[in-house]
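# A look at the structure
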Amino acid sequence: MRVTLKLATSLDGRIATASGESRWITGPAAREEVHRLRAMHQAVLVGVETAIADDPELTVRLPGYVGMQPTRVVLDSRQRLPGGSKLVHEASRLNTVVITTSNPNKRLTDAGVTVLPVSSNDGRPDLAEALAALRSHLTGRLVQLLPQAAPTDGYQPAVLVEGGGQVAASFLGAGLVDAIEWFRAPIILGDEGRPAVGEFVLNRLADAPRFKRVAVQEVGEDLWERYERL
Ligand SMILES: NC(=O)c1ccc[n+]([C@@H]2O[C@H](COP(=O)([O-])OP(=O)(O)OC[C@H]3O[C@@H](n4cnc5c(N)ncnc54)[C@H](OP(=O)(O)O)[C@@H]3O)[C@@H](O)[C@H]2O)c1
């Protein structure tokens, strides 16, 4: 699967204040571009801390949009996603997946959430396996929705990873990020703000994931930088 990491940060690379406040760092024009990006991906993924802190819908909300909604995906080792969250509440209507390391929890499956258990890597879903399970789920869904479509052998759905910092670090650390869409707002949040990319062990500069900037443009007050993996 092609993995794109979306970051919406301050100038100093923070995604939230120390207290976790993150709405809205970037302005309306940048947020609209994010909705367009969602519309171009088959899945949108976040970590469970973002799902709990922000209670996002992870849907495409653009005036006049009638296309498919992306599958909403949460990385959630212990299936902590709250029953009262918008993601669970809308799961019977909008395809919603939890990727976990444990057996499916009835509380989630009864609400219409698809729970995909994968192997654990240090207690968290192994990301390569998570992507393989998600690809297979999305392929099954495509066949279900479009039974007359061409064979799906080469189908490579795309996933937009929308954070938070720990999940961004895991994907980058595993070398699984193909592209970055970086929206940078002209504010400074300081060292105690939450970093866009959490901890990942890196001893040598040569081992750092490297990207090539392929585009840069102003969106409202913000800057949108686009990168592809080298
Ligand atoms: N500005 C923005 O665009 C933006 C975007 C997103 C989030 N945010 C902010 O970021 C904050 C949340 O970010 P965060 O870094 O604390 O948490 P996060 O990355 O959203 O979620 C981390 C949690 O996901 C679970 N997880 C499962 N598999 C994982 C894996 N392979 N790698 C990493 N985590 C995995 C872990 O919980 P378990 O071990 O229980 O599974 C982990 O604690 C919130 O304040 C939110 O508002 C801002």
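Residues numbered from 1 in each chain as written. Predicted model: local features only at pLDDT ≥ 70, side-chain atom pairs only at ≥ 80, totals over all residues.

### Considering the nonpolar core
In this structure, Leu7, Val74, Leu134, Val161, Ala168 and Phe171 are the most contacted members of the largest nonpolar core, which totals 52 residues. When residues in this core are grouped by element, the largest group, 5 residues, is from helix 5 (residues 127-145). Not counting residues within four places of it along the chain, the set of residues in contact with Val161 comprises Val3, Thr4, Leu5, Lys6, Leu45, Val167, Ala168 and Phe171. (Core = buried A, V, L, I, M, F, W, Y, C linked by C-beta atoms within 7 Å. Buried ≥ 20, exposed ≤ 12 C-beta atoms within 10 Å, placed from the backbone. Helix = DSSP H or I, 4+ residues; strand = E, 2+ residues; numbered from the N terminus. Contact = placed C-beta atoms within 7 Å.)

### Let's talk about helix 5
With 19 residues, helix 5 ought to run about 27 Å at 1.5 Å a step, and its terminal C-alpha atoms sit 26 Å apart, in line with that. Turning to helix 5, its buried residues number three or more, namely Leu127, Ala130, Leu131, Leu134 and Leu138. In a view along the axis of helix 5, the buried residues occupy a sector of 95°, so they form one face of it. Facing away from the buried surface of helix 5 by more than 90 degrees, the exposed residues are Ser136, Gly140 and Gln144. Residues of helix 5 that are buried sit in contact with strand 3 (43-47), strand 4 (71-75), strand 5 (96-100), strand 8 (124-125), strand 9 (158-161) and helix 6 (165-173). (Expected span 1.5 Å × (residues − 1). Arc of directions from axis to C-beta.)

### Focus on the site of the ligand
Looking at the ligand, there are 30 residues lining it, with Gly47, Glu49, Ser77, Gly163 and Gly164 nearest. Elements that contribute at least two residues to the shell around the ligand include exactly strand 2 (14-16), strand 3, helix 2 (48-54), strand 8 and helix 6. When residues of the shell around the ligand are assigned to their parent elements, the largest contribution, 5 residues, is made by helix 2. Looking at the shell around the ligand, its residues break down into 11 nonpolar, 11 polar and 8 charged. (Near = placed C-beta within 6 Å. Nonpolar A, V, L, I, M, F, W, Y, C, P; charged D, E, K, R; others polar.)

### A short note on the sheet that holds strand 5
Strand order in this open sheet of 9 strands is 6-5-4-3-9-1-10-13-12, and the pairing throughout is mixed. For this open sheet the edge positions go to strand 6 (114-117) and strand 12 (211-219), each flanked by a neighbour on one side alone. The average undirected angle you get between the axes of adjacent strands in this sheet is 20°. On the sheet, helix 5 packs against strand 3, strand 4, strand 5, strand 6 and strand 9 and is oriented at approximately 150° with respect to strand 5. (Pairing = 2+ DSSP bridges. Axes fitted to C-alpha atoms, helices over the stretch in contact; angles between N-to-C directions.)

By themselves these figures say nothing about function.
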